[in-house]
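# Chains, contacts and geometry: an overview
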Amino acid sequence: MFLTMCIAGASASACTAVRWYLDRTSRRDSSHLGGRVHLTALRNHGSAFGLLRLNSRQLAALSAALMAGALPLRKNSRVGCGLLLGGGISNLWERVRHGSVYDYARFPKAPEPIRRYVFNLADFSIFLGAAGILLGKRRKQR
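Rules of the game
- Residues numbered from 1 in each chain as written.
- Predicted model: local features only at pLDDT ≥ 70, side-chain atom pairs only at ≥ 80, totals over all residues.
- Heavy atoms only, no water.
- Helix = DSSP H or I, 4+ residues; strand = E, 2+ residues; numbered from the N terminus.
- Expected span 1.5 Å × (residues − 1).
- Phe/Tyr/Trp six-rings, centres within 6.5 Å; stacked < 30°, edge-to-face > 60°.
- Buried < 20%, exposed > 50% of the residue type's maximum accessible area, 1.4 Å probe, protein only.
- Pairing = 2+ DSSP bridges.
- Contact = heavy atoms within 4.5 Å.
- Axes fitted to C-alpha atoms, helices over the stretch in contact; angles between N-to-C directions.
- pLDDT = per-residue confidence, 0-100.

### A look at helix 3 (residues 78-98)
- With 21 residues, helix 3 should reach 30 Å at 1.5 Å per residue; the first-to-last C-alpha distance of 30 Å fits that figure.
- Where helix 3 terminates, the next one or two residues include Gly99, which has phi positive at roughly 80°.

### Section: the packing of aromatic side chains
- For the structure on display, the rule yields four aromatic pairs.
- Taking 5.9 Å as the distance between ring centres and 45° as the angle between the ring planes, the aromatic pair formed by Tyr102 and Tyr104 counts as tilted.
- On the basis of relative accessibility, which here comes to 4%, the residue Tyr102 falls in the buried class.
- Among the aromatic residues, ring-to-ring pairing joins Phe107, Phe119 and Phe124 into one connected group.

### As for the sheet that holds strand 1 (residues 29-32)
- Spatially, the four strands line up as an open sheet ordered 1-2-3-4, and their pairing is antiparallel. Lying at the two open borders of the sheet, with one neighbouring strand each, are strand 1 and strand 4 (118-119).
- With four bridges connecting them, strand 1 and strand 2 (residues 37-44) associate as antiparallel partners. Each residue of the ladder has a partner; that of His32, found in strand 2, is Val37.
- Those strands touched by helix 1 (residues 2-23) are strand 2 and strand 3 (101-106), and its axis lies near 80° from that of strand 3.
- Sheet strands in contact with helix 3 are strand 2 and strand 3, and its direction is about 125° off that of strand 3.

### Focus on the confidence of the model for the protein chain
- Within the protein chain, residue pLDDT values average 82, and 85% of them lie at 70 or more.
- Element-level pLDDT for the protein chain is lowest in helix 2 (residues 56-70), with a mean of 71, against a maximum mean of 90 in strand 4.

### Digging into the side chain of Ser77
- Following the sequence through the fold, Ser77 ends up in the loop between helix 2 and helix 3.
- Judged by its relative accessible area of 14%, Ser77 falls in the buried class.
- When sequence neighbours within four positions are dropped, the list of residues in contact with Ser77 reads Gly132 and Ile133.

Listed below in structure tokens is the structure:
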């Protein structure tokens, strides 16, 4: 549990630090890595990929419930669970505090479904955490 919580805290802190830095500098509208990554400041008032049509309070409640459900999964991957919780806590805190999530990373040279979305570090943390949990579960089944 200690490792999971440490990783969750580090992930949430890193996400908050990047948002704080980008919100206060001129780097929030710039291209990097040969145009593969474009930083674009955007406030996302909806859910991930626009899948759910819920208001901020409903999204916050759903996020909290999903994160609580992730704790039992730490038996598959403590690191994955920590990343998932850290990213989820970061996005949840942002949504509760501002009513939206600050997204900033866009990939204009990625395949079509991905290039139209804007992400943040918490989204990557959630994705990597979920992948780690799934891989850990698959490894334990062998």
